[in-house]
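So you can see what is in the structure, the chains are spelled out below.
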Amino acid sequence: MYKALIIVLFLVSTKIGAAHQFQKDHININHPHIKFVISSGPAAGYMKIVNMGFETDRLIKVVTDFADTELHYSSVENGIVTMSKVDFIEIPPQKAKSLKPGTHHIMFSNFSIELSHGISLEGSLVFENAGEIKVLFEVETQKSIDDHTEH
Ligand SMILES: [Cu+2]
């Protein structure tokens, strides 16, 4: 009985570790990662942001020392993908917002480092209410089979 319980607890904590998430106040950042095609970039950043608070919060900027960043929104019209810069990404209260291909994402450009699959890069997400949240972006090639984008 005890043995089974210990195994269950171990599995649960392992799962949390593997989930790769960061939290501050009411904001939880799940699996921040950067997908690249060529090692010099540009590359897009994706993650799931959960707002457990009772007020809307906004991601207003991303700060790194390895690249320039912009917040982007992409949409498809008549089969053509258009990307445009946005001033913020809104996270409604008690909701999760996924930054993923085909919608809001972070655009990284002018890299000062070479991207390679499996490395982690430090950065900060700045929110209007929650303030600065430090995260580690996991770097993945676009071809990665282990695709967590839909999380
Ligand atoms: Cu973009």
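One can find the structure itself at the top, above this paragraph.
Nothing here was measured: the structure is a model prediction, and the numbers come from that model.

Explain the overall build of the protein to me, and be specific about the residues and the numbers.
Looking only at helices and strands, the protein features 1 helix and 11 strands. For the protein, the N- to C-terminal ordering of α and β elements is α-β-β-β-β-β-β-β-β-β-β-β. The 151 residues of the protein split such that 38% are buried. At a minimum sequence separation of 6, the contacts of the protein that also span at least 24 residues come to 65%.

Residue-level account of the pattern of salt bridges, with values.
Scanning the entire structure with this criterion turns up 4 salt bridges. Residue Glu-128 pairs with Arg-58 through a salt bridge whose shortest N-O separation is 3.6 Å. Taken as a pair, Glu-128 in the loop between strand 10 (120-127) and strand 11 (131-141) and Arg-58 in strand 4 (residues 57-63) lie far apart in primary sequence, 70 residues in all. Residue Arg-58 is classed as partly exposed on the basis of its relative accessible area, which comes to 25%. Between Lys-134 and Glu-132 there is a salt bridge; the shortest N-O distance is 3.4 Å. A residue is classified by how much of its surface remains accessible, and Lys-134, at 59% relative accessible area, is exposed. Owing to a relative accessible area of 43%, Glu-132 belongs among the partly exposed residues under this scheme. A single network of salt bridges, built from pairs that share partners, joins Arg-58, Glu-90 and Glu-128.

Summarise the pairing of strand 11; cite the residues concerned and give the values.
Sheet topology note: the strand 2 (residues 27-36)/strand 11 ladder contains 4 bridges and is parallel. Of the residues in strand 11, the one forming a bridge with Ile-34 is Val-139. In the sheet, strand 10 pairs with strand 11 via 8 bridges, with the strands oriented antiparallel. In the strand pairing of strand 11, Leu-121 is matched with Phe-137.

Can you explain the nonpolar core? Please cite residues and give values.
What tends to happen in soluble globular proteins is that the nonpolar side chains get buried as a cluster. Ile-29, Ile-49, Leu-59, Phe-108, Leu-125, Phe-127 and Phe-137 are the most contacted members of the largest nonpolar core, which has 28 residues in total. Not counting the four nearest positions on each side in its chain, Ile-49 is found in contact with Ile-27, Asn-28, Ile-29, Leu-59, Ile-91, Lys-95, Ala-96, Lys-97, Leu-99 and Phe-127.

Tell me about the coordination of the copper ion, and name the residues and values.
Within the first shell, the copper ion binds the protein through His-72 (ND1), Met-83 (SD), His-105 (NE2) and Met-107 (SD), at distances of 2.1 to 2.4 Å. Geometry at the copper ion is tetrahedral, judged from its 4 donor atoms and the angles of 98 to 118° they form at the metal. In terms of primary sequence, the donors binding the copper ion are separated according to H-x10-M-x21-H-x1-M. Pair noted here: His-72 is in strand 5 (residues 68-77) and His-105 is in strand 9 (residues 104-109), with a separation of 33 residues, a long-range link. Considered together, His-72 and His-105 belong to a single accessibility category, that of buried residues.

Cut-offs applied
- All residue numbers here refer to positions counted from 1 along the written sequence of the relevant chain.
- In view of the model being predicted, local features appear only for residues whose pLDDT reaches at least 70, and side-chain atom pairs are presented and counted only at 80 or more, with totals across whole chains, interfaces and linings using the full set of residues.
- With hydrogens and water stripped out, all remaining heavy atoms of the structure feed into the side-chain values.
- In this description a helix means any DSSP run of H or I spanning at least four residues, a strand means any run of E spanning at least two, and both kinds are numbered starting from the N terminus.
- Whether a residue is buried, partly exposed or exposed follows from its accessible area with a 1.4 Å probe, protein chains only, as a fraction of its type maximum: under 20%, in between, or over 50%, in that order.
- Residue contacts are counted whenever heavy atoms from the two residues lie within 4.5 Å of one another.
- Only one rule defines a salt bridge in this text: a Lys or Arg side-chain nitrogen within 4 Å of an Asp or Glu carboxyl oxygen.
- Note on pairing: two strands pair once DSSP finds at least 2 bridges between them.
- We call a set of buried Ala, Val, Leu, Ile, Met, Phe, Trp, Tyr and Cys residues a nonpolar core when their side-chain atoms join them within 4.5 Å.
- Donor criterion used throughout: N, O or S atom within 2.8 Å of the metal, extended to 3.2 Å for Na, K and Ca. Water excluded; incomplete-looking sites may result.
- Each label reflects the angles at the metal, where four donors whose angles all fall between 85 and 135 degrees are tetrahedral, four or six donors whose opposite pairs open beyond 155 degrees and whose other angles stay between 65 and 115 are square planar or octahedral respectively, and the rest are irregular.

Purely geometric stuff here, so don't read any function into it on its own.
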